[in-house]
Amino acid sequence: MNNIVLGKPMETWLNEYPLLKDVTHCKPVFWKNPEVGMAKEILPNLPLTFDDILDAEARWKRFASLIKKLFPKVEDGIIESRLVEISDVAKELKKRFGEAFEGPLYLKCDNELPVAGSVKARGGVYEVLKHAEELVINNGLLNITDDYSIMSGPKFREFFSNYSISVGSTGNLGLSIGIMGSALGFKVTVHMSADAKEWKKRLLRERGVNVIEYTSDYSKAVEEGRRLSSQNPMDYFVDDENSKDLFLGYSVAALRLKKQLDDMGINISEDNPINVYIPCGVGGAPGGITFGLKHVFGDNVRCYFAEPSHSPCMLLGLMTGLHDRVSVFDFGLDGRTEADGLAVGRPSKFAGRIVERLVGGIFTVNDDDLYRMLAILKDKEGIKVEPSAAAGLLGIRGKGIHMAWATGGIFVPEDLMDEFYNKGRKLLGEE
Ligand SMILES: *Cc1c(COP(=O)(O)O)cnc(C)c1O
């Protein structure tokens, strides 16, 4: 590695942040956020409010009739996932990984989210819908009180076909934007980083989405997408590194989760706090969810992010306070991970600034452990997740209710899922 990192000798960095030693050697670490504070002091000073979350939820409701029409499997038109207790997995975590925690363990099954097959069904789909709504309202084609299912008709499809949407992605964001955008009739271009899996590109091309492949990492794909989009006035660029709309789309999960817990008779309180563990890429999804959860549960929720040990961009951004001014490559990391949803070298400044005093900590995980967890989940619960989505299960700690956020999986082709599973089984040494 370079001896000078961002203008400072590595030795100085290590003195200031001793954890960097393990981080730069790709060892799994837990970073406890020293800046975390009380929700009621921090939330009022943020650029987004609880009303923004409610506004997003209201928009989702306006679109429910259209979603139902376009995706009949979503029976009530509300894209949501189940919450399940996974006690056999909890036992296995304690036995095999020596995880020490008390209280029940739940899985939030966003790996099963319809329409996009990942947590991006919250953020990505929401941003496309919001953009579509703005276009039709500004052009006098629809009133906010109309039945939005009329947007599936030919008049609207033709209208949307005059516009395009583009996005840079490691895979799943592209899927969500491509599937929703093309369902409405938009022309969609997805700039895919080198990490993106073949099947995700294939699935998009089948839907008429223009997929441009890059041999470079995610930041480059985004940069190029942003540049090309700025030259086309009819194009709308979904900016994962800065998007307020993606963030708010994710945040609505908190309202839904509250209702799910209420319905299950689970009361969150000071004596029964909830610990939530969410895989993190640029930070939009875990950031938005955390922002929502803090509004709903205050200090009775503690949120932790999970990152691959080879690409812990949010950890570096928050620990050093440099946010998007630091990348994992600056510290000699290679950014290589099978967790394609998390293969991001530079964190979002927007998400990082909002969560810097809300997130309780960040832990990093090795790819091999992701495969092990993925196999355990399938064996014990029959639940299929992609490697990224298993990350939340590896840093569980403390007392209270624990909830790992499974972020993607159902769209993974069967043969590839078998490969993931077999790899996990082998690593578990039980062939
Ligand atoms: C995108 C994604 C994440 C993380 O979301 P960010 O907004 O990039 O932090 C986690 N898991 C999966 C499967 C994803 O696709």
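Just above, that's the structure.
Caption draft 1: Fine view of helix H11 (residues 244-251). Counting buried positions along H11 yields 7 of 8 residues, so the element is predominantly enclosed. Within H11, burial applies to Asp-245, Leu-246, Phe-247, Leu-248, Gly-249, Tyr-250 and Ser-251. Put simply, Ser-243 is the residue that caps the front of H11, since its side-chain oxygen is 3.2 Å from the backbone nitrogen of Asp-245.

Caption draft 2: Molecular detail of the sheet that holds strand E10 (residues 274-279). Here 7 strands make up an open sheet; going across it, the order is E3-E12-E11-E10-E13-E5-E4 and the pairing mixed. Bordering the open sheet on either side are strand E3 (30-32) and strand E4 (83-85), each of which pairs with just one other strand. With strand direction ignored, the average angle separating the axes of adjacent strands in the sheet is 20°. Where E3 lies against strand E12 (residues 361-365), 3 bridges are found, and the strand directions are antiparallel. Looking at the pairing, Phe-30 lines up with Phe-363 of E12. Against the sheet, helix H12 (residues 253-263) engages E4, strand E5 (105-109), E10 and strand E13 (401-406), with an angle of about 130° to E13.

Caption draft 3: Representation of the site of the ligand. By nearness alone, 15 residues border the ligand, and Lys-120, Asn-172, Gly-281, Gly-283 and Thr-407 come closest of all. Contacts to the ligand include Lys-120, whose side-chain N or O atom sits 2.7 Å from an oxygen atom. For the ligand, whose free accessible area comes to 370 Å², the fraction covered by protein is 98%. Tallying contributions element by element places helix H13 (residues 284-297) first for the shell around the ligand, with 3 residues.

Caption draft 4: Up close: the sheet that holds strand E9 (residues 235-238). Reading across the sheet, the 4 strands line up as E8-E7-E6-E9 and stay open at both edges, with parallel pairing between neighbours. A strand with exactly one partner marks an edge of an open sheet, and here the two such strands are strand E8 (210-213) and E9. In this sheet, neighbouring strand axes are inclined to one another by 20° on average, regardless of whether the strands run parallel or antiparallel. Pairing of strand E7 (residues 187-192) with E8, which is carried by 4 bridges, proceeds in the parallel orientation.

Rules and cut-offs
- Residues numbered from 1 in each chain as written.
- Predicted model: local features only at pLDDT ≥ 70, side-chain atom pairs only at ≥ 80, totals over all residues.
- Heavy atoms only, no water.
- Buried < 20%, exposed > 50% of the residue type's maximum accessible area, 1.4 Å probe, protein only.
- Helix = DSSP H or I, 4+ residues; strand = E, 2+ residues; numbered from the N terminus.
- Polar contact = N/O pair within 3.5 Å; in protein donor to acceptor, adjacent residues only side chain to side chain.
- Pairing = 2+ DSSP bridges.
- Axes fitted to C-alpha atoms, helices over the stretch in contact; angles between N-to-C directions.
- Contact = heavy atoms within 4.5 Å.
- Near = heavy atom within 4 Å.
- Areas by Shrake-Rupley, 256 points an atom, 1.4 Å probe, with all protein chains shown as cover.

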